[in-house]
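# Fold and contact review
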Amino acid sequence: MIIQGGNRLSGEVTIGGAKNSTVALIPAAILADTPVQFDTVPDILDVHNLMIILKSMNVKSEFSHGVLDIDPTQIIEAELPSKAIKSLRASYYFMGSLLGRFHRATLTFPGGDNIGPRPIDQHLKAFKALGATVSENGGTVHLEAQNGLHGARIFMDMVSVGATINAILAAVRAEGTTVIENAAREPEIIDLATFLNNMGAKIRGVGTDTIRITGVNTLQSMNTHTIIADRIESGTYLSLAAALGDGVMIHNVIPEHLESFTSKMIEMGVDLQIDSDRIFVPKTTRFKPIHVKTMPYPGFATDLQQPLTPLMSLAEGDSVIVDTIYPKRVKHVPELQKMGMQIEAHDGTIVVKHTATLHGANVSAGEIRAGAALTIAGLMADGTTVINNAGNILRGYDRIVWKLNRLHANVSIEDDSSVKIG
Ligand SMILES: CC(=O)N[C@H]1[C@@H](OP(=O)(O)OP(=O)(O)OC[C@H]2O[C@@H](n3ccc(=O)[nH]c3=O)[C@H](O)[C@@H]2O)O[C@H](CO)[C@@H](O)[C@@H]1O
Ligand SMILES: C=C(OP(=O)(O)O)C(=O)O
């Protein structure tokens, strides 16, 4: 990604469907006994890679203008393409959905953002509780429930989005009732449950830390599921609009999903005008430093600490981030230093000091949100910024080049072949 920095931004931008909903909804689609349709699907690499995985199981999918049709009625058990599996994190949701559908699954370990250790012990614990045996061989996990899956009480040792979703996917067609305790409460989990419940599933309590699932025999789709707005994309545009906007209106936002983030921006001195489904970010010139601690939802999202760092560098004083979810999630720090930002990471704490000017540099997006931070910094900087590994940004930001240029930025992707699909 090549960015000519220095332009002030203005105008309007519309947020796409949530990446972290979409990447759970697509694997969930194979639990249906009918074709399914999703609307407001973000055009991101993760979606294209999930479509490759669906194809390997003879599941047809078509994606056009934000509408994704999936027909799982001719699904077959097949070896899944490990390159596509490794290209994203959420491929691990096929563990839960294949278990639910066929009572067995064999998958290589997932990829996704390299943000420190990302174990899946809680996912495996849930599958075992539901009656599956788990065997690992090198980089492959084999799950098998010879006597089918049965309801169980699962207490999660820690709050995990992925393990909560995988437990729901495996339990939704299991025999009997499953209770997940210490469940994650992210809005994307509610979105997934809404999709499944509209097909006849019996999932209650999503959005609280206790979820009850009574298994059903069949799931049948009757209508299109519209995916909720991406709160992380929303936060990214809020941050960049505050940092270098002359007035930016952000449409298709669910403000209630962003309260931990918008409250921090307001604390910084940004006079956000929050409406029911849009937020106006006025031109702001003075910012106060803040302290941020990332927590499970409804706390401040780990995926939004990096996109906030360029804005923090404008504050008149030191801002501090403690990422309690991923203490090693600091891939943005050395790259932002190359652009002149006064930012340091020590012992799980990131400190961002006031930085008068940033300059363009040759940097690398080590993960999606580090890439978002570099994009914002590149837009703020004097001169040209080249972000290598931009595929990591395109994993999760819907049509980002087009959206930024409509706001009067100067951004391009030089070589689409560097963008890895499959
Ligand atoms: C596709 C998707 O939705 N990705 C999101 C999801 O990732 P993901 O679902 O992988 O993250 P989790 O919520 O599972 O991780 C939370 C914490 O629990 C730990 N843990 C998790 C599972 C497990 O079995 N054992 C374990 O120790 C993790 O290392 C981490 O410290 O939630 C993260 C935390 O909000 C976000 O950054 C990711 O954007
Ligand atoms: C960590 C993230 O994604 P994933 O879990 O898909 O790697 C993210 O979206 O910030």
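Residues numbered from 1 in each chain as written. Chains lettered and ligands numbered in written order. Predicted model: local features only at pLDDT ≥ 70, side-chain atom pairs only at ≥ 80, totals over all residues. Heavy atoms only, no water.

### Some thoughts on the pattern of salt bridges
This structure, assessed with the given rule, holds 19 salt bridges. Across the pair R395 and D46 runs a salt bridge whose closest N-O atoms are separated by 2.9 Å. With R395 in the loop between α13 (391-394) and α14 (400-406) and D46 in helix α2 (residues 45-56), this pair connects stretches of sequence that are 349 residues apart. Look at R395 and you get buried, because its relative accessible area is 6%. D157 is the partner of K125 in a salt bridge, and the nearest nitrogen-oxygen pair spans 2.7 Å. Of this pair, K125 sits in helix α5 (residues 121-129) while D157 sits in the loop between β9 (153-155) and α6 (161-171), placing them 32 residues apart in sequence. One salt-bridge network, in which partners are shared between bridges, spans E233, D398, R399 and K403. (Salt bridge = Lys/Arg side-chain N within 4 Å of Asp/Glu carboxyl O. Helix = DSSP H or I, 4+ residues; strand = E, 2+ residues; numbered from the N terminus. Buried < 20%, exposed > 50% of the residue type's maximum accessible area, 1.4 Å probe, protein only.)

### Observations concerning the UniProt feature "binding site: UDP-N-acetyl-alpha-D-glucosamine" (unreviewed entry) in the chain
As annotated in UniProt, the feature "binding site: UDP-N-acetyl-alpha-D-glucosamine" (unreviewed entry) corresponds to R89, R118, P119, I120, D121, Q122, D303 and I325 in the numbering used here. Within the element layout of this structure, R118 appears in the loop between β6 (104-108) and α5. Residue placement: D303 occurs in the loop between β17 (291-294) and α10 (305-312). Residues within four places of D303 in sequence aside, it is in contact with N20, I232, R329 and R369. (UniProt positions renumbered as here; feature names shortened; annotations may be inferred. Contact = heavy atoms within 4.5 Å.)

### As for the site of ligand 1
As a structural note, the neighbourhood of ligand 1 is formed by 21 residues, with Q122, S160, V161, D303 and I325 the closest of them. D303 places a side-chain nitrogen or oxygen 2.5 Å from an oxygen atom of ligand 1. For ligand 1, the protein covers 88% of the area, taking 740 Å² as the surface of the free molecule. Of all the elements in the fold, those that place two or more residues in the shell around ligand 1 are α1 (19-28), α5 and α6. Residue contributions to the shell around ligand 1 peak at 3 residues, all from α5. Looking at the shell around ligand 1 residue by residue, the class counts come to 10 nonpolar, 6 polar and 5 charged. (Near = heavy atom within 4 Å. Polar contact = N/O pair within 3.5 Å; in protein donor to acceptor, adjacent residues only side chain to side chain. Areas by Shrake-Rupley, 256 points an atom, 1.4 Å probe, with all protein chains shown as cover. Nonpolar A, V, L, I, M, F, W, Y, C, P; charged D, E, K, R; others polar.)

### A closer look at α6
For α6, a buried count of 10 out of 11 residues is recorded, marking the element as mostly surrounded by other parts of the structure. All buried positions along α6 are accounted for by G162, A163, T164, I165, N166, A167, I168, L169, A170 and A171. The distance from a side-chain oxygen at the start of α6 to the backbone nitrogen of G162 is 3.5 Å, and the residue carrying that oxygen is S160.

### Thoughts on the nonpolar core
Membership of the largest hydrophobic core comes to 75 residues, with the highest contact counts inside it found for F38, F94 and L196. The element contributing the most residues to this core is α6, with 7 residues. Here F38 is in contact with L25, I26, A29, G66, V67, L68, I70, F195, T224, H225 and I227, once residues within four sequence places are set aside. Ranked by size, the runner-up nonpolar core spans 68 residues in total, among them A229, I279, L311 and A365. (Core = buried A, V, L, I, M, F, W, Y, C linked by side-chain atoms within 4.5 Å.)

### Topic: the environment of T210
When you line up the elements, T210 lands in strand β12 (residues 210-214). Contacts of T210, omitting those with residues within four sequence positions, involve V179, I180, E181, R204 and G205. A distance of 3.4 Å separates a polar atom in the side chain of T210 from a polar atom in the side chain of D209.

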